[in-house]
Amino acid sequence: MRQTRRFVVILLIFVVVAGAVSLRSAEEKEDLVFAESLDMTAAVVDGKEITLADMAFYIAYEEGEIEKKAYIYNMKDTGEYWKLFSHYVFLRKEGKDAAMDMAVHDTIFYELALEEGIVLDEEEELRLANSQYDFWSDLEEEQREALGVGEDVIRESMRRLAVAEKYQYVLAAMEGKSAASYSVGGSAYEELLTEHTCEIRKDVWNRIRFGGITVNH
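Rules and cut-offs
Residues numbered from 1 in each chain as written. Predicted model: local features only at pLDDT ≥ 70, side-chain atom pairs only at ≥ 80, totals over all residues. Heavy atoms only, no water. Pairing = 2+ DSSP bridges. Helix = DSSP H or I, 4+ residues; strand = E, 2+ residues; numbered from the N terminus. Buried < 20%, exposed > 50% of the residue type's maximum accessible area, 1.4 Å probe, protein only. Phe/Tyr/Trp six-rings, centres within 6.5 Å; stacked < 30°, edge-to-face > 60°. Lys NZ or Arg CZ within 6 Å of the ring centre and 35° of its normal. Axes fitted to C-alpha atoms, helices over the stretch in contact; angles between N-to-C directions. Contact = heavy atoms within 4.5 Å. Parallel < 35°, antiparallel > 145°, perpendicular 65-115°, else oblique. Left-handed = near helix turned anticlockwise from the far one by under 90°. Nonpolar A, V, L, I, M, F, W, Y, C, P; charged D, E, K, R; others polar. Expected span 1.5 Å × (residues − 1). Salt bridge = Lys/Arg side-chain N within 4 Å of Asp/Glu carboxyl O. Core = buried A, V, L, I, M, F, W, Y, C linked by side-chain atoms within 4.5 Å.

Okay, the pairing of strand 2 (residues 48-51) next. Pairing analysis gives four bridges linking strand 1 (residues 41-45) to strand 2, with the strands arranged antiparallel. Within strand 2, the residue paired with Val45 across the bridge is Lys48. What sits between the antiparallel neighbours strand 1 and strand 2 is a turn of two residues, in which Asp46 has the positive phi angle 55°.

Moving on, we get to the pairing of strand 1. With five of five residues buried, strand 1 is to be regarded as a mostly interior element. Alignment of strand 1 against strand 5 (residues 198-200), held across three bridges, turns out to be antiparallel. Across the sheet, Val45 pairs through a bridge with Cys198, a residue of strand 5.

Here Gly117 lies in the loop between helix 4 (91-116) and helix 5 (122-138). Owing to a relative accessible area of 52%, Gly117 belongs among the exposed residues under this scheme.

Enumeration according to the criterion identifies nine aromatic pairs in this entry. On the basis of an interplanar angle of 55° and a centroid distance of 5.4 Å, the ring pair of Tyr73 and Tyr81 is categorised as tilted. Taking NZ or CZ as reference, Lys96 lies 5.0 Å from the ring centre of Trp205, over its face.

Spatial ordering of the open sheet is given by 2-1-5, a layout of three strands whose pairing is antiparallel. Since the sheet does not close on itself, it has two edges, and those belong to strand 2 and strand 5, each with one partner. Within this sheet the neighbouring strands show an average axis-to-axis angle of 20°, counted without direction. Together, strand 1 and strand 2 form the strand contacts of helix 2 (residues 52-73), whose direction differs from that of strand 2 by roughly 60°.

This part is about the packing of helix 5 against helix 7 (residues 151-175). As a packed pair, helix 5 and helix 7 sit with axes 10 Å apart at the nearest point and diverge in direction by 140°. Relative to helix 7, the element helix 5 lies oblique. Of the two possible hands of crossing, helix 5 and helix 7 adopt the one that is right-handed. For the pair helix 5 and helix 7, contact is made by Glu124, Glu125, Leu128, Ala129, Ser131, Gln132, Tyr133, Phe135 and Trp136 and by Glu151, Ile154, Arg155, Met158, Arg159, Ala162 and Lys166, respectively. Grouping the amino acids of the contact of helix 5 with helix 7 by side-chain chemistry returns eight nonpolar, two polar and six charged.

For helix 4, spanning 26 residues, the distance from its first C-alpha to its last is 37 Å, which sits close to the expected 38 Å at 1.5 Å a residue. Trailing helix 4 by a residue or two, Gly117 shows a phi angle of about 70°, which is positive.

This part covers the pattern of salt bridges. Applying the stated criterion across every chain yields a total of eight salt bridges. The partner of Glu123 in a salt bridge is Arg127, and the shortest N-O contact between them spans 3.1 Å. Of this pair, Glu123 and Arg127 both sit in helix 5, four residues apart, which is roughly one turn of that helix. Here Glu123 falls in the exposed class, since its relative accessible area comes to 55%. Look at Arg127 and you get partly exposed, because its relative accessible area is 46%.

Right, let's talk about helix 7 for a bit. Helix length check: helix 7 (25 residues) gives 36 Å between terminal C-alpha atoms against 36 Å at 1.5 Å per residue, within 8%. Residues of helix 7 that are buried: Ile154, Ser157, Met158, Arg160, Ala162, Val163, Ala164, Tyr167, Gln168, Leu171 and Ala172. Contact partners of the buried residues in helix 7: strand 2, helix 2, helix 4, helix 5 and helix 8 (187-193). Note on helix 7: the residue one or two positions beyond its end, Gly176, has a positive phi of about 70°.

Formed by 57 residues in total, the largest nonpolar core has its most connected members in Phe34, Met55 and Phe109. Those elements that provide at least two residues to this core are strand 1, helix 2, helix 3 (79-82), helix 4, helix 5, helix 7, helix 8 and helix 9 (202-205). The element best represented in this core is helix 4, accounting for eleven residues. Setting aside residues up to four positions removed in sequence, Phe109 forms contacts with Ala164, Tyr167, Gln168, Leu171, Tyr182, Tyr189 and Leu192.

Following this line, the structure appears as structure tokens:
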């Protein structure tokens, strides 16, 4: 009897643990509601956290760019374009990777720009303000709600991008290389990346359904 009770107890413990692991696994695979998960960390670059709120601009931008192409491809069913497979990868994944790559790139270059005291001049500030206004104005109310961030967050992301881009040109001039080589995928940028650390938090980023935030596919 004692051995039987012991066996039953062990069996119950196993069932509880297995159930907990199964539940946790199911939760980790479930898509996150973007607007409700803004404080979660999507990546860490050189020790600096990139939250989903920080990713809002990049996601909105990339989804918007793909949707424009999707409309040209099939204006009656833009979802058809989102399902395409190109260069050994689905366009949806390619767009999602591009959003993260841009965020990592701009984080690195923005921090380098701060170290060098790079700031925008009056003309650059004016161009930025116009771009910020246009981008936010082009977002529909539903898209803004889906992102869950205010105009100030989008504006700040675009400011960081502008500063990062300016330093990209400064660095290219100093190194005697083309600015394009310091863009995402460029040879000079790939070399620069080896001097920095980047960790994608897959438990968060993999649960973001790119193509289902500011657009619905």
